[in-house]
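A structural walkthrough
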Amino acid sequence: MIPYARQSIEQEDIDAVCEVLRSDFLTQGPVVTQFESRLTELVEATHAVAFNSATSALHAACLSLGVGPGDSVWTSAISFVASANCALYCGGEVDFVDIEPDTFNMSVSALSDKLALAESAGRLPKVVIPVHMAGQSCDMAGIGVLADRYGFKIIEDASHAVGGRYRNDPIGRCRHSDITVFSFHPVKIITSGEGGMAVTGSEELARRLRLYCSQGVTRDPGQMRRAPEGPWYYEQIALGFNYRMTEIQAALGLSQSNRLEDFIARRNELANRYDHLLADLPLDSPVVRCDRLSAFHLYIIRLRKPAERARVFEALRANGVLANVHYAPIYTQPYYRDLGFEDGLCPVAEAYYHSAISLPLYPAMRNEDQDQVAKQLERALA
Ligand SMILES: *Cc1c(COP(=O)(O)O)cnc(C)c1O
């Protein structure tokens, strides 16, 4: 069996976790802080706040940007449901933007058209959440120009994309956004078991992210309403959550981050091999724009004959190739249907969904495994 994704755990990861287990702190200790500062270095961010998942980080990011009842948040039609759910957690509304057919990322022209319509209807979004699909950055400069013109904030959902680059910056530099969120779920680029991180260039946003992460409680006298009554004193100044990452998770994430560059290099090497192996088959390989380095969380092909997708998929699975599909348009999920979303909202995303297959890709994948995937795919398409 060749899985579609798999974590890479080495002895050094195991040692790092065991060391924490023998230490004084299992949570709220020094390793979370070390992991946060390591990530700021790697992605050239100014501030980083660790969370117990990217979902939690997205929720806190929306709250930090002031999303509440009556506000609208837009995200990409093609993403994991968490990219949209975060707006609903805050009592906001969500809407979806169509994608580019070759990168599967939010289309800047679709966004631009939708914004023009929303402006005349007086319903502009407060926040837009572009998703760096499969590990490749969206056109952040293009989205940034629209943010300046229409006055919305930007959260990059970079759950697929830690280690990727856009122009001269690592994803997470936040040159064109307010906050960037990463996921460390085991299928993603590096893992902490469960875990996520929000990074930002803004000290004020970092302060709010930290508050929402930990019960809305502060021990910083500068943020308190009253004078501290003693060394024990803390104040709750917002309604926060327990979204904290544990020391155990942080130790794994920190250890994994030592190999981030190797992971990205191997994923890109495998993606290039797929490009060559599949070049003559009736499918379209993913396109990476020349000003980007994809983290290649996923290698997504599009079949030229969508009607064959189910059959090809079954044939791959029957022969030990555990392909996957990422994703159906979020608004086609039953929960979103019940909110009133209908087919036809994002036609490019709908066509994408019917033709897409994610092929196995993970750093420990051997070339022979990959040759086997290509062979099975060729047979299935013959
Ligand atoms: C995985 C993922 C998330 C959620 O990440 P968790 O860490 O599992 O909460 C959010 N958005 C996208 C695009 C993802 O792929």
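Anything mentioned here points back to the structure above.
Residues numbered from 1 in each chain as written. Predicted model: local features only at pLDDT ≥ 70, side-chain atom pairs only at ≥ 80, totals over all residues. Heavy atoms only, no water.

Describing the pattern of salt bridges
- Going through the model one piece at a time under the given rule, you end up with 19 salt bridges.
- When the shortest N-O distance is used, the salt bridge between Asp-371 and Arg-273 registers 3.0 Å. Of this pair, Asp-371 sits in helix H13 (residues 367-381) while Arg-273 is found in helix H9 (residues 260-277), placing the two residues 98 residues apart along the sequence.
- Overall, the relative accessible area of 24% leaves Arg-273 in the partly exposed class.
- Among the salt bridges present, the one from Asp-284 reaches Arg-304, with a minimum N-O distance of 3.1 Å. On the criterion of sequence distance, the pair formed by Asp-284 in strand S12 (residues 283-284) and Arg-304 in the loop between strand S14 (299-303) and helix H10 (309-318) is long-range, its members being 20 residues apart.
- Linked by salt bridges that have partners in common, Glu-12, Asp-13 and Arg-259 make up one network. (Salt bridge = Lys/Arg side-chain N within 4 Å of Asp/Glu carboxyl O. Helix = DSSP H or I, 4+ residues; strand = E, 2+ residues; numbered from the N terminus. Buried < 20%, exposed > 50% of the residue type's maximum accessible area, 1.4 Å probe, protein only.)

Concerning the nonpolar core
- With 50 residues, the main nonpolar core has Phe-51, Phe-96 and Ile-155 as its most contacted residues.
- Among the secondary structure elements, those contributing two or more residues to this core are strand S1 (47-51), helix H3 (54-64), helix H4 (82-89), strand S3 (93-97), strand S4 (127-129), strand S8 (179-183), helix H7 (203-213) and helix H12 (347-355).
- Here this core takes seven residues from H3, the largest share from any one element.
- Excluding anything up to four places from it in sequence, Phe-96 contacts Thr-75, Ser-76, Ala-77, Ala-84, Lys-114, Ile-330, Tyr-331, Tyr-336, Phe-341, Leu-345 and Cys-346. (Core = buried A, V, L, I, M, F, W, Y, C linked by side-chain atoms within 4.5 Å. Contact = heavy atoms within 4.5 Å.)

Overview of the sheet that holds strand S6 (residues 165-166)
- The strand order across the open sheet built from three strands is S7-S6-S13, with neighbouring strands paired in antiparallel fashion. Looking at which strands have only one partner, the edges of the open sheet turn out to be strand S7 (169-170) and strand S13 (292-293).
- Across two bridges, the pairing between S6 and S13 is antiparallel. Along S13, the bridge assignment pairs Tyr-166 with Arg-292. (Pairing = 2+ DSSP bridges.)

Observations regarding the sheet that holds S8
- In space, the seven strands of this open sheet follow the order S1-S9-S8-S5-S4-S2-S3, with mixed pairing throughout. Since the sheet does not close on itself, it has two edges, and those belong to S1 and S3, each with one partner. Sheet twist, expressed as the average angle between the axes of neighbouring strands with direction ignored, equals 20°.
- Here five bridges tie S8 to strand S9 (residues 196-200), and the two strands are oriented antiparallel to one another. Each residue of the ladder has a partner; that of Ser-183, found in S9, is Gly-196.
- Sitting on the sheet, helix H2 (residues 30-43) is in contact with S1, S8 and S9, with an inclination near 130° to S1. (Axes fitted to C-alpha atoms, helices over the stretch in contact; angles between N-to-C directions.)

Focus on the pairing of strand S5 (residues 153-157)
- For S5, the buried fraction is high: four of the five residues fall into the buried class.
- In the sheet, S4 pairs with S5 via two bridges, with the strands oriented parallel. Its bridge partner lying in S5, Val-128 is registered against Ile-154.
- Handedness of the S4-helix H6 (residues 140-150)-S5 crossover: right-handed.
- Sheet topology note: the S5/S8 ladder contains three bridges and is parallel. By the bridge assignment, Asp-157 is partnered in S8 with Val-181. (Right-handed = clockwise from strand over helix to strand, strands pointing away.)

By themselves these figures say nothing about function.
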